[in-house]
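Secondary and tertiary structure notes
Chain residues, written in single-letter form:
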Amino acid sequence: MRKIALFGGSFDPIHKGHIEIAKEAVKALCLDEVIFIPSGISPHKAGLTASNEDRYNMVCLALENEEKLSVSDFEIKKETKCYSFETVKEFKKLYPSCELYFIIGDDQYEKFTTWYKWEELLKMCRFVVFTRGGAEIKPPFTEIKIPPIGISSTEIREKIKNGEDVGAKVNEKVLSYIKEKGLYKESLSEIIKKLKGTLKESRFRHTLGVADTAVALAKHYGADTDKAYLAGLLHDSAKNFTDDELFALCDKYNIPLSEDDRKAPPIIHSYVGAAIAEVEYGIEDKEILDAIYYHTTGSEDMSLLSKIIFVSDMTEPGRKDFPGLSEIRRLMYEDIDKALVASMDATISYAKMKGSFLHPDTLKARNFILAKGKK
Ligand SMILES: [Fe+2]
Ligand SMILES: [Fe+2]
C-alpha cells in the first residue's frame, strides 16, 4: 500500500529545516510521498508575511529537485479558514487506497486536543510528531526525533528584514525569489511616502534621482542594488533641518562632533541622516549607514557603496550644472575611483569659490584614493 504523508504549515518562508523533516519522515516511515500543504493565511495578518501565492511559489521552488516531495495548493485555494480535518478528508478522497500520515511539530502536539474534530482525525490518519528532544510523545502518535536544526521561519524573516544573510538556511532559488519580490522587508513605498512628507519637493526629487543613479551604478559595478537604492533614498533625510536643529539632533542621537565638523555645519546633515535612517527607518546595515554618514565629506577607505552614493549625489539627473559635472558623468561608468576624485575636486573648488571651510576628511579621502592608485 502506498504511504503518503501530509505536511502542513505556513512555510513563510520554507527553509532547509522543513526539507530535512520531510526527508527524515520518508526514511523513517518508508513513505512514497510527502505532500507539503501551505496553509491559507489571511492577507491582514499582522507583521511582515508573504502572500499565499508567494509562499506556494517558494515551496514549489524549494521542492523542484526533491524526489518524493510535492506540494498541494488545497488549503491556499480555500477562501475560508481550512481545518486539518477538511484537508485530511479531501486527501482520503483523493487517495482512497493509500495509507495516510500527517506530520506535525511537538508544539502542535501539545495543543492537539484543541483541534477541530481531533478524535475523528486520529481515526483518519496516523500522526507523526517531530521532536527535538524534550517532549514526551504518547501513542497513537508516532515520534520521530530530529537533531535540533536551529532554524525558524520567524528568525529568517527577522534576518531578512535586517538585511542579514540567510543563505545557509534557505534554498538558493527561494532566496532569489525573496529578493526579487522584496518579501519580508519594510516596504519601500512606506519609506518613500514618509520621505515625501518630510522633505521639500525639490529635495525629494533629488533624493529619487540619487537613488536611481545609485542603482544604475550598483548594477554596473556589481554592488547590491537594494542597498544602493535605500542609501540613495535616505542620504539627505536630514537636509531640511536648520543648523541649530542639526546640532540639537546630534545631542539627541549622541553623535560626536569634531572641531572640524563644527566649522562645517552643512556637513552635519550626513551624520544626522545616518542616525535618522537607523532610528526612524529601521536600517541596521552598517554599509548603508556609512554611505549616508560619509556622503558629503567622503572618508579614507570608502566602500564601493559609499563611493556610489557620493558620486550619485553629485551626478543625479536633476543636478544643476557646475564646473566639472560633465567630466564626472563621463568618468562614473568608466572608473568609480576617478569619478570620486573628480567629485571631490569639485567639492574643493566649490569651497574655494565660496571661501568656505573645507572639511579635512575630503582631502584625506581624496589622498587615500590617489595613493592607492599609485601602488
Ligand atoms: Fe547631502
Ligand atoms: Fe544629496
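In this report, we go over the structure that sits alongside the text. Please read all numbers here as calculations on a predicted model, not as lab measurements. (Residues numbered from 1 in each chain as written. Chains lettered and ligands numbered in written order. Predicted model: local features only at pLDDT ≥ 70, side-chain atom pairs only at ≥ 80, totals over all residues. Heavy atoms only, no water.)

Our next topic: the coordination of the iron ion (ligand 2). Taken together, the protein donors to the iron ion (ligand 2) comprise His-206 (NE2), His-235 (NE2), Asp-236 (OD) and Asp-313 (OD), at separations of 2.2 Å. One can describe the site at the iron ion (ligand 2) as irregular: its four donor atoms subtend angles covering 81 to 173 degrees at the metal. Look at where the donors of the iron ion (ligand 2) fall in the sequence and you get H-x28-H-D-x76-D. Here the iron ion (ligand 2) and the iron ion (ligand 1) are spaced 3.4 Å apart, and both take Asp-236 as a donor. (Donors = N, O, S within 2.8 Å, 3.2 Å for Na, K, Ca; no water. Tetrahedral: all angles 85-135°; square planar, octahedral: opposite > 155°, others 65-115°.)

Turning our attention to the coordination of the iron ion (ligand 1). Each angle at a metal carrying four tetrahedral donors should ideally be 109.5 degrees, and each at a metal carrying six octahedral donors should ideally be 90 or 180 degrees. Coordination of the iron ion (ligand 1) by the protein comes from Asp-236 (OD), His-269 (NE2) and His-295 (NE2), over a distance range of 2.1 to 2.2 Å. Counting along the primary sequence, the residues that act as donors to the iron ion (ligand 1) give the motif D-x32-H-x25-H. In this structure His-295 comes out as buried when scored by relative accessible area, which is 3%. (Buried < 20%, exposed > 50% of the residue type's maximum accessible area, 1.4 Å probe, protein only.)

By the element assignment, Arg-55 lies in helix α2 (residues 52-63). We note that Arg-55 is buried and unpaired, the nearest opposite charge coming from Asp-12 at a distance of 4.6 Å. Here Asn-52 takes part through its side chain, which lies 2.5 Å from a polar atom of the side chain of Arg-55. (Helix = DSSP H or I, 4+ residues; strand = E, 2+ residues; numbered from the N terminus. Lys, Arg positive; Asp, Glu negative; His and termini not counted. Salt bridge = Lys/Arg side-chain N within 4 Å of Asp/Glu carboxyl O. Polar contact = N/O pair within 3.5 Å; in protein donor to acceptor, adjacent residues only side chain to side chain.)

Formed by 59 residues in total, the largest nonpolar core has its most connected members in Leu-195, Leu-234, Ile-255, Val-272, Ile-283 and Val-311. Judged by nonpolar contacts, the second largest core, of 36 residues, contains Ile-14, Met-58, Val-59 and Tyr-101. (Core = buried A, V, L, I, M, F, W, Y, C linked by side-chain atoms within 4.5 Å.)

At a closest axis distance of 8 Å, the pairing of α2 and helix α8 (residues 172-181) adopts a crossing angle of 150 degrees. Considering their axes alone, α2 and α8 lie roughly antiparallel with respect to each other. For the pair α2 and α8, contact is made by Asp-54, Asn-57, Met-58, Leu-61 and Ala-62 and by Lys-173, Val-174, Tyr-177, Ile-178 and Lys-181, respectively. Residue classes in the contact of α2 with α8 are distributed as six nonpolar, one polar and three charged. (Axes fitted to C-alpha atoms, helices over the stretch in contact; angles between N-to-C directions. Parallel < 35°, antiparallel > 145°, perpendicular 65-115°, else oblique. Contact = heavy atoms within 4.5 Å. Nonpolar A, V, L, I, M, F, W, Y, C, P; charged D, E, K, R; others polar.)

Another point: the packing of aromatic side chains. In the structure shown here, the tally under the stated rule is 18 aromatic pairs. In textbook terms, an aromatic cluster arises when at least three aromatic residues are bridged by ring pairs, as seen for Phe-102, Tyr-109, Phe-112, Trp-115, Trp-118, Phe-127 and Phe-141. In this structure, Lys-194 is placed above the aromatic ring of Tyr-281, and the distance from its NZ or CZ to the ring centre is 4.5 Å. (Phe/Tyr/Trp six-rings, centres within 6.5 Å; stacked < 30°, edge-to-face > 60°. Lys NZ or Arg CZ within 6 Å of the ring centre and 35° of its normal.)

Turning our attention to the pattern of salt bridges. Once their charged atoms are close, side chains differing in charge can pair, the charge on each being opposite to the other. A complete count under the given rule lists 24 salt bridges for this structure. Of the charged contacts in the structure, one is a salt bridge between Asp-285 and Lys-227, with a shortest N-O distance of 3.1 Å. Taken together, the residues Asp-285 in the loop between α14 (268-279) and α15 (286-293) and Lys-227 in helix α11 (residues 225-234) connect sequence positions 58 residues apart. Assessed through its relative accessible area of 18%, Lys-227 is described here as buried. Here Asp-337 ties to Lys-372 by a salt bridge, and the two come within 4.0 Å at their closest N and O atoms. Residue Asp-337 is found in helix α18 (residues 336-354), and its partner Lys-372 is found in helix α19 (residues 360-374); the two are separated by 35 residues along the sequence.

What follows is about the sheet that holds strand β6 (residues 142-145). Strand order in this open sheet of six strands is β3-β2-β1-β4-β5-β6, and the pairing throughout is parallel. Because the sheet does not close on itself, it has two edges, and the strands there are β3 (69-71) and β6. Strand after strand, the sheet turns through a mean of 30 degrees between neighbouring axes, direction not considered. Looking at chain direction, strand β4 (residues 99-105) and strand β5 (residues 126-131) are connected through five bridges and run parallel. Opposite Tyr-101, over in β5, you have Arg-126 as the bridge partner. Contacts from α2 reach β2 (33-38) and β3 within the one sheet, and its direction differs from that of β3 by about 160 degrees. Those strands touched by helix α4 (residues 84-94) are β1 (3-9), β2 and β4, and its axis lies near 155 degrees from that of β4. (Pairing = 2+ DSSP bridges.)

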